[in-house]
Amino acid sequence: MNKQELLRKLPKVDEVLKDQRLFVFMGETSRDVIVEAIREAISSLRTKLLNEEENISHITNYDDLMDNIIALLVEKNQKSLRRTINATGVTLHTNLGRAKLSKSACESVMDIASSFSTLEYDVKKGARGSRHDHVEKLIIKITGAEAAMVVNNNAAATMLCLSSMAFGKEVIVSRGELVEIGGSFRIPEIMEQSGAILREVGTTNKTKAQDYKRAVNIEATGALLKVHTSNYRIVGFTEEASLEELVALGREVSLPVIYDMGSGLMINLEKYGVEEPTVIDALKTGIDVILFSGDKLLGGPQGGIIAGKKKYIDAMKKHPLARILRVDKMTLAAMEATFREYLDMEKAIKEIPVLEMLTRTSEELYNNGLAMKEAITEKTAFYNIAITEVEERVGGGSAPTSVLRGYALAIDSISIAAEKIERALRSYKIPIITRIYKNKVYIDMRTITQEERLIIIEALKEISEKYSMEKKNA
Ligand SMILES: *Cc1c(COP(=O)(O)O)cnc(C)c1O
């Protein structure tokens, strides 16, 4: 057949609609969407025919067209924001949504999202309440701060804090701490947007308390700012002013000291290899205001927590930006539930997924790997699997120099390339995100749950069946 004949022979939408294979979609998918998928598949087939010169007759295979239509329908029925399985070993993976919430935080969100709530209502008084109250008392209790509030994220917290405390005034920052966090958060730029004026002191590698002191100008200076270098470290010939020194200097010159901490770690995790300052230690120095993220090591929803002296926080609550940066009820529900976990620190380590993952022992990770390897081998002989010790990162702009030791399954196959396995896992109905190293697919044990291990085992089995069949047919 020549091209013209093939083009004329392309099936009509109405004919395809009668195909039994589409019946399963008829209930949940509207007819319009099915027709759209058929049109798109036929149209791309037509384009292909027009562009190809050789081997054109196999292009018009009707079963292939049906496969494409079904694939399009599956895609159209999927939400864009979907669950994934993070088998990368990076606990706080910003692209995969950072912190996974605790069970009780998820339940709280469901509960509050699906009902009316006490968001701004005081049931005792039968009158209007404040949305800040739900988390403020808890944060005070757990951290020892005088006051606290929650905004949209740590970037928002920085903006509000600078604007409220130092609008039109100079804020003194070390040259070694002019941080950029992924996604266009840069201290100098946020500073400019907030209306505060950046006053850099010291050098990239060394800044002393004296450098801050020399830059203080009674008329011009609004605050001293310390920024935690949460996604890099300067090593070698270095010096920085400690939080204690800055707090002492702040007192001496009567200026507030602000600390942008980034991660919001509540429990010291040094013995697990995670080196980050804790919120409680920072507040103990007597600092005026600290800022940290909700969805990094705190293990809660996206949010920016501002904690510290009441007079500053009260002013921030009344600032016009507070309304712009305020969080919604679902965030507050998750935030309250997350902080509640910290009322019992032992329990928090078990219940908050970020902490649970970071504190898994080598033995536990190895045993999980071994069980998983055996389960896969039982189902298919398609893969070579080795349990390998790996180095892992906390991720998400936290503990940049901390390396955790864990275990991963390193998988390859004589039948298909590692890239193909990786892609097939990524295309699975629940996308499974892995990494490739030296031509092997790595499935890291740290960031997956028992339930997810079973899903991965099933996915690997399905992939092996698909590729074994293709090989037979070829
Ligand atoms: C991560 C981080 C931020 C930004 O926090 P978001 O919650 O992502 O907006 C700001 N400052 C520091 C030091 C950080 O580590």
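This structure is a prediction, so every number in the text was calculated from the model and none was measured.

**Q** What is the right way to read the packing of aromatic side chains from this model?
**A** Each pair of aromatic rings is reported with the distance of its centres and the angle of its planes. Applying the stated criterion across every chain, the model contains 4 aromatic pairs. Looking at Lys206, its charged tip hangs above the ring of Phe237, at a distance of 3.8 Å from the centre.

**Q** Just to check I follow, could you spell out the site of the ligand for this structure?
**A** Lining the immediate environment of the ligand, one finds 13 residues, of which Asn154, Ser230, Asp260, Ser293 and Lys296 sit closest. Side-chain polar atom of Ser293 to an oxygen atom of the ligand: 2.6 Å apart, as the coordinates give it. Contact with the protein chains covers 94% of the free accessible surface of the ligand, which is 380 Å². For the shell around the ligand, the secondary structure elements donating two or more residues are helix H8 (154-166) and strand S10 (257-262).

**Q** What's the story with helix H13 (residues 310-318) in this structure? I'm lost.
**A** Count 3.6 residues to each turn of an α-helix, and residues three or four apart come out pointing the same way. Taken together, the buried positions of H13 are occupied by Tyr312, Ile313 and Met316. The arc that holds the buried residues of H13, viewed along the axis, is 95°, so those residues lie on one side. Turned more than 90 degrees away from the buried face of H13, the exposed residues are Lys311 and Lys318. Its buried side turned inward, H13 meets strand S4 (147-151), H8, strand S11 (289-293), strand S12 (304-308) and helix H14 (320-324).

**Q** So what exactly am I meant to see when it comes to the pattern of salt bridges here?
**A** Where charged atoms of side chains with opposite charge meet at close range, the side chains can pair. All told, the structure shown has 33 salt bridges when counted by the stated rule. With a closest N to O distance of 3.2 Å, Arg21 and Asp19 form a salt bridge. Arg21 sits in the partly exposed class, given a relative accessible area of 35%. Between Asp211 and Arg214 there is a salt bridge, and its shortest N-O distance comes to 3.8 Å. Pair noted here: Asp211 and Arg214 are both in helix H10 (residues 209-215), with a separation of 3 residues, about one helical turn. Looking at Asp211, the relative accessible area reads 16%, which means it is buried. Here the salt bridges do not stand alone but share partners, grouping Glu120, Arg128, Arg131 and Arg326 into one network.

**Q** Can you walk me through the sheet that holds S11 in this structure?
**A** Two modes of strand pairing occur in sheets, parallel and antiparallel, and in both the strands are linked by backbone hydrogen bonds. A sheet is described by the order of its strands in space; here 7 strands give the open sequence S4-S12-S11-S10-S9-S5-S8, paired in mixed fashion. The open sheet is flanked by S4 and strand S8 (197-201), the only strands paired with a single partner. Direction aside, neighbouring strands of the sheet carry axes that sit 25° apart on average. Contacts from helix H7 (residues 133-143) reach S4 and S12, with the element oriented near 130° to S4. Against the sheet, helix H9 (residues 187-194) touches strand S5 (170-174), S8, strand S9 (221-227) and S10, its axis set at about 145° to S8.

**Q** Looking at this structure, how should I read helix H4 (residues 31-51)?
**A** When the terminal C-alpha atoms of H4 are compared, their 30 Å separation across 21 residues agrees well with the 30 Å that a helix rising 1.5 Å per residue should span. Among the residues of H4, Ile34, Val35, Ala37, Ile38, Ala41, Ile42, Leu45 and Leu49 are the ones counted as buried. Buried residues of H4, seen end-on, are gathered within an arc of 160° and therefore sit on one face of the element. Structural note: H4 exposes Asp32, Arg39 and Asn51 on the side pointing more than 90 degrees away from its buried face.

**Q** It is not clear to me how the side chain of Glu392 should be interpreted in this structure. Could you clarify?
**A** With respect to the secondary-structure elements, Glu392 resides in strand S13 (residues 384-392). According to the relative accessible area criterion, Glu392 is buried, its value standing at 2%. A polar contact of 2.6 Å, which involves the side chain of Glu392, links it to the side chain of Arg446.

**Q** How should the environment of Ala459 be read in this particular structure?
**A** For Ala459, the location among the structural elements is in helix H20 (residues 450-473). Judged by relative accessible area, which is 0%, Ala459 ranks as buried. Taking the C-alpha atoms as reference points, Ala459 and Gly397, 62 residues apart in sequence, are found 31 Å from one another. Setting aside residues no more than four positions away along its own chain, Ala459 makes contact with Leu425, Tyr428 and Ile432.

**Q** Honestly, the sheet that holds strand S16 (residues 435-437) in this entry has me stumped. Any pointers?
**A** Read across the sheet, 4 strands follow the order S13-S14-S17-S16 without closing on themselves; strand pairing throughout is antiparallel. Only two strands of the sheet have a single partner each, and these edge strands are S13 and S16. For this sheet the average axis-to-axis angle between neighbouring strands, irrespective of direction, equals 40°. Inspection of the sheet shows S13 paired to strand S14 (residues 404-412) by 9 bridges, in the antiparallel sense. Paired with Ile387 across the strands is Leu409, a residue of S14. Most of the contacts of helix H18 (residues 362-379) go to S14, to which it runs at about 10°, and overall it touches S13, S14 and strand S17 (440-444). Packed on one face of the sheet, helix H19 (residues 418-426) meets S14, S16 and S17 and runs near 40° to S17.

**Q** Help me out: how do you make sense of the packing of helix H6 (residues 103-113) against helix H15 (residues 329-341) in this one?
**A** Each packed pair of helices is defined by two parameters, the angle between the axes and the distance between the axes. Taken N-terminus to C-terminus, the directions of H6 and H15 make an angle of 150°; their axes are 8 Å apart at the nearest point. Comparing their axes, H15 and H6 come out roughly antiparallel. The way H6 lies across H15 gives a crossing that is right-handed. Packed against H6, whose contacting residues are Ser104, Ala105, Ser108, Val109, Ile112 and Ala113, the element H15 presents Lys329, Met330, Ala333, Ala334, Ala337, Thr338 and Glu341 at the interface. For the contact of H6 with H15, the per-class residue count stands at 8 nonpolar, 3 polar and 2 charged.

**Q** Explain unusual backbone geometry here, please?
**A** One can expect most non-glycine residues to show negative phi and most peptide bonds to be in trans. The backbone of Ser254 sits at a positive phi, close to 55°, despite the residue not being glycine. Structurally, Ser254 is set in the loop between helix H11 (243-253) and S10. In this model, Ala399 sits at a positive phi of 40°, which is unusual for a non-glycine residue. Relative to the assigned elements, Ala399 resides in the loop between S13 and S14. Residue class for Ala399 comes out buried when judged on its relative accessible area of 1%.

Calculation rules
- Residues numbered from 1 in each chain as written.
- Predicted model: local features only at pLDDT ≥ 70, side-chain atom pairs only at ≥ 80, totals over all residues.
- Heavy atoms only, no water.
- Phe/Tyr/Trp six-rings, centres within 6.5 Å; stacked < 30°, edge-to-face > 60°.
- Lys NZ or Arg CZ within 6 Å of the ring centre and 35° of its normal.
- Near = heavy atom within 4 Å.
- Polar contact = N/O pair within 3.5 Å; in protein donor to acceptor, adjacent residues only side chain to side chain.
- Areas by Shrake-Rupley, 256 points an atom, 1.4 Å probe, with all protein chains shown as cover.
- Helix = DSSP H or I, 4+ residues; strand = E, 2+ residues; numbered from the N terminus.
- Buried < 20%, exposed > 50% of the residue type's maximum accessible area, 1.4 Å probe, protein only.
- Arc of directions from axis to C-beta.
- Contact = heavy atoms within 4.5 Å.
- Salt bridge = Lys/Arg side-chain N within 4 Å of Asp/Glu carboxyl O.
- Pairing = 2+ DSSP bridges.
- Axes fitted to C-alpha atoms, helices over the stretch in contact; angles between N-to-C directions.
- Expected span 1.5 Å × (residues − 1).
- Parallel < 35°, antiparallel > 145°, perpendicular 65-115°, else oblique.
- Left-handed = near helix turned anticlockwise from the far one by under 90°.
- Nonpolar A, V, L, I, M, F, W, Y, C, P; charged D, E, K, R; others polar.

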